[in-house]
Amino acid sequence: MLSTLSHIFKNECPNCNKGKVFADKSFFFSIGFPKMNTHCSHCNYKFEKEPGYFFGAMFVNYAITVGQALITFFICSLFFDKIFDFRILLIIGFVILTLSFFNIRLSRMIWIYAFKNYTN
Ligand SMILES: [Zn+2]
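What you see is a predicted model; the values in this text were computed from it and never measured.

(A) Local environment of the environment of Ile8. Mapped onto the elements, Ile8 comes out in helix α1 (residues 2-9). In this structure the C-alpha to C-alpha distance between Ile8 and Ala69, which are 61 residues apart in sequence, comes to 22 Å.

What follows is the structure, given as structure tokens:
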């Protein structure tokens, strides 16, 4: 489990753990939609198994975003007197926008690893 998480964060191929899934060098901080390799450079594993394969990653992305918003809310509520302070919403919006590029990559990586072929 821990090694799987490590492979996900290192942007490594689910099949051989050597090739890279995303073409961009920085997995965490790059602006814009991430460029994906179609196949693994090492084992030729096909990442997008069918058209629209990553549609489901959108739901993973949603779950991650909601989690981050909740965590941000609980951290912020420690620093404000009122529970529903308008400034907390602004902070949550800022955090979500900042992390959105990272979340796209993370959700796709989780999706690839969730549906990789575990039989071999
Ligand atoms: Zn590979």
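(B) Expanded view of the side chain of Arg108. Along the chain, Arg108 falls in helix α3 (residues 86-114). Buried charge without a partner: Arg108 forms no salt bridge, and the closest opposite charge is Glu48, 6.0 Å away. The contact partners of Arg108, leaving out residues within four places of it in the chain, are Phe22, Phe33, Met36, Phe54 and Ala57.

(C) Broad picture of the packing of aromatic side chains. Counted by the stated rule, this structure contains 5 aromatic pairs. For the pair Phe73 and Phe74, a centre-to-centre distance of 5.6 Å together with 65° between the ring planes defines the contact as edge-to-face. The class of Phe73 is buried, set by a relative accessible area of 17%. Taking NZ or CZ as reference, Arg105 lies 5.2 Å from the ring centre of Phe22, over its face.

(D) Layout of a nonpolar patch on the surface. There is a patch of nonpolar side chains on the surface, built from Met1, Leu2, Leu5 and Phe9 and spanning about 460 Å² of accessible area. Note on placement: Phe9 falls in helix α1. Given the relative accessible area of 34%, Phe9 is considered partly exposed.

(E) Representation of the nonpolar core within the structure. Cys13, Val21, Cys40, Phe47, Phe54, Met109 and Trp111 are the most contacted members of the largest nonpolar core, which has 19 residues in total. If you list the elements that add at least two residues to this core, you get α2 (57-77) and α3. The greatest single-element share of this core, amounting to 6 residues, is contributed by α3. By size, the runner-up hydrophobic cluster in this structure holds 6 residues, among which are Ala69, Phe73, Cys76 and Phe80.

(F) Representation of the coordination of the zinc ion in the model. At the metal site, the zinc ion is ligated by Cys13 (SG), Cys16 (SG), Cys40 (SG) and Cys43 (SG), and these contacts range over 2.2 to 2.3 Å. One way to put it: the 4 donor atoms around the zinc ion meet at angles of 106 to 112°, and that makes the site tetrahedral. The sequence pattern describing where the donors of the zinc ion fall on their chain is C-x2-C-x23-C-x2-C. A residue pair is termed long-range when its members are at least 10 positions apart, and Cys13 in the loop between α1 and α2 and Cys43 in the loop between α1 and α2 qualify at 30 residues. Taking the relative accessible area as the measure of exposure, Cys13 reaches 0% and is therefore buried.

(G) Structural view of the packing of α1 against α3. It is at 9 Å that the axes of α1 and α3 come closest, and there the two elements cross at 135°. Regarding the angle of α1 to α3, the classification is oblique. Both α1 and α3 take part in a crossing whose hand is right-handed. Contact residues: α1 offers Thr4, His7, Ile8 and Phe9, while α3 offers Phe102, Leu106, Met109, Ile110 and Tyr113.

Basis of the calculations
Residues numbered from 1 in each chain as written. Predicted model: local features only at pLDDT ≥ 70, side-chain atom pairs only at ≥ 80, totals over all residues. Heavy atoms only, no water. Helix = DSSP H or I, 4+ residues; strand = E, 2+ residues; numbered from the N terminus. Buried < 20%, exposed > 50% of the residue type's maximum accessible area, 1.4 Å probe, protein only. Lys, Arg positive; Asp, Glu negative; His and termini not counted. Salt bridge = Lys/Arg side-chain N within 4 Å of Asp/Glu carboxyl O. Contact = heavy atoms within 4.5 Å. Phe/Tyr/Trp six-rings, centres within 6.5 Å; stacked < 30°, edge-to-face > 60°. Lys NZ or Arg CZ within 6 Å of the ring centre and 35° of its normal. Patch = residues over 30% accessible without salt bridge, like charges linked within 9 Å, V, L, I, M, F, W, Y side chains within 5 Å. Areas by Shrake-Rupley, 256 points an atom, 1.4 Å probe, with all protein chains shown as cover. Core = buried A, V, L, I, M, F, W, Y, C linked by side-chain atoms within 4.5 Å. Donors = N, O, S within 2.8 Å, 3.2 Å for Na, K, Ca; no water. Tetrahedral: all angles 85-135°; square planar, octahedral: opposite > 155°, others 65-115°. Axes fitted to C-alpha atoms, helices over the stretch in contact; angles between N-to-C directions. Parallel < 35°, antiparallel > 145°, perpendicular 65-115°, else oblique. Left-handed = near helix turned anticlockwise from the far one by under 90°.

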